[in-house]
Amino acid sequence: PPYLKQPPDVISIDVGRQLFVDDFLIEETNLTREFHKPVYHSANPVLTYDKPWEMSKAADSLPTACPYSGGIWYDPHRKKFRMWYMGGYIEHLCLAESDDGINWTKPNLDVVPGTNIVLNRGATESNSLLMDLQEPDLDRRFKYFLTNIGKGWKTEYRTSPDGVHWSDPHWLSGPHGDRTTVFHDPFRQR
């Protein structure tokens, strides 16, 4: 891409978090890069299936509560970590919340009363959920891209003001492969 072949003299890095896995954004340093082996937290798994709607309906499917592709974001307005996860294998998009990213609660919401489901039948193995703090339209602050297998492997795009109440699909893409995700590039604003 042109921005890699001929990068600008100054690259603003105040548009979000930066992961320094290479020297692309570093002009000079006296630091030494050190890699550490990750260690599982003693409370693992920090999220597990424990609700009836997280038990898959198909006899050959497994109970599921995992943030497969949903997304985990810190919401500065609510001052909580929020996790959108697959509840029941390829069943529902659900929401869990946490103050510390380790201890999660599953709030009772009004989409499917008495559950934490935010999109009934809204989880697949290929989706992306984004929290867009730069979005001027507060009704579209949360964005959800869901690969809809039933509609011929096409992605549908939905928005939400709160990550709980989702719009009907705004559009449906053309057909694509089975593993498609979406992200926001703050450098190119796309």
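Residues numbered from 1 in each chain as written. Predicted model: local features only at pLDDT ≥ 70, side-chain atom pairs only at ≥ 80, totals over all residues. Heavy atoms only, no water.

### Some points on the side chain of Asp132
Position of Asp132 among the secondary structure elements: in the loop between strand S6 (127-131) and strand S7 (142-148). At a separation of 3.3 Å, a polar atom in the side chain of Asp132 contacts the main-chain amide nitrogen of Glu135. Look past the residues within four positions of Asp132 in its chain and what remains in contact with it is Arg141 and Lys143. (Helix = DSSP H or I, 4+ residues; strand = E, 2+ residues; numbered from the N terminus. Polar contact = N/O pair within 3.5 Å; in protein donor to acceptor, adjacent residues only side chain to side chain. Contact = heavy atoms within 4.5 Å.)

### Considerations on the confidence of the model for the protein chain
Scored by pLDDT, the protein chain comes out at a mean of 87, with 95% of its residues at no less than 70. Per-residue pLDDT, averaged within each element of the protein chain, yields its smallest value for helix H1 (residues 2-5) (72) and its largest for strand S4 (residues 104-105) (98). (pLDDT = per-residue confidence, 0-100.)

### Quick word on unusual backbone geometry
The peptide bond linking Asn44 to Pro45 adopts the cis configuration, its omega dihedral lying at -5°. Although it is not a glycine, Ile90 adopts a positive phi angle of roughly 55°. The topology assignment puts Ile90 in the loop between strand S2 (80-87) and strand S3 (92-98). For Ile90, a relative accessible area of 25% corresponds to the partly exposed category. Backbone geometry places Arg121, a non-glycine residue, at a positive phi of 60°. Structurally, Arg121 is set in the loop between strand S5 (117-119) and S6. Look at Arg121 and you get exposed, because its relative accessible area is 51%. (Buried < 20%, exposed > 50% of the residue type's maximum accessible area, 1.4 Å probe, protein only.)

### Quick word on the packing of aromatic side chains
One pass over the structure, following the stated rule, counts six aromatic pairs. Between the aromatic rings of Tyr74 and Phe81, the centroid separation amounts to 5.1 Å while the plane-to-plane angle is 65°, which identifies the pairing as edge-to-face. Judged by relative accessible area, which is 34%, Tyr74 ranks as partly exposed. The class of Phe81 is partly exposed, set by a relative accessible area of 27%. Put simply, the rings of Phe145, Tyr157 and Trp171 pair up and form one aromatic cluster. (Phe/Tyr/Trp six-rings, centres within 6.5 Å; stacked < 30°, edge-to-face > 60°.)

### Description of the side chain of Arg82
Assignment of secondary structure puts Arg82 in strand S2. Separated by 3.2 Å, the side chains of Arg82 and Glu97 make a polar contact. Among the polar contacts listed, one links the side chain of Arg82 to the backbone oxygen of Asp162, at a separation of 2.9 Å.

### Some thoughts on the sheet that holds strand S9 (residues 171-175)
Ordered in space as S6-S7-S8-S9, the four strands form an open sheet in which the pairing is antiparallel. Looking at which strands have only one partner, the edges of the open sheet turn out to be S6 and S9. Taken pair by pair, the neighbouring strands of this sheet meet at an average axis angle of 15°, ignoring direction. In this structure, strand S8 (residues 154-160) lies alongside S9, joined through three bridges in antiparallel fashion. When the sheet's bridge partners are listed, Glu156 is paired in S9 with Leu172. (Pairing = 2+ DSSP bridges. Axes fitted to C-alpha atoms, helices over the stretch in contact; angles between N-to-C directions.)

### Brief notes about the environment of Leu138
The residue Leu138 is located in the loop between S6 and S7 in this model. Classification of Leu138 as exposed rests on a relative accessible area of 58%. Excluding anything up to four places from it in sequence, Leu138 contacts Ser160 and Pro161.

### A short note on the pattern of salt bridges
Under the counting rule described, the total for this entry stands at twelve salt bridges. Between Arg121 and Glu91 there is a salt bridge whose closest N-O contact spans 2.8 Å. Placement of Arg121 in the loop between S5 and S6 and of Glu91 in the loop between S2 and S3 is noted, with a sequence separation of 30 residues between them. One salt bridge connects Lys143 with Asp132, and the closest N-O pair in it is separated by 3.6 Å. Of this pair, Lys143 sits in strand S7 while Asp132 is found in the loop between S6 and S7, placing the two residues eleven residues apart along the sequence. Summarising the burial analysis for this pair, Lys143 and Asp132 share the class buried. When salt bridges with common partners are traced through the structure, they connect Asp75, Arg78, Arg82, Glu97 and Arg141 into a single cluster. (Salt bridge = Lys/Arg side-chain N within 4 Å of Asp/Glu carboxyl O.)

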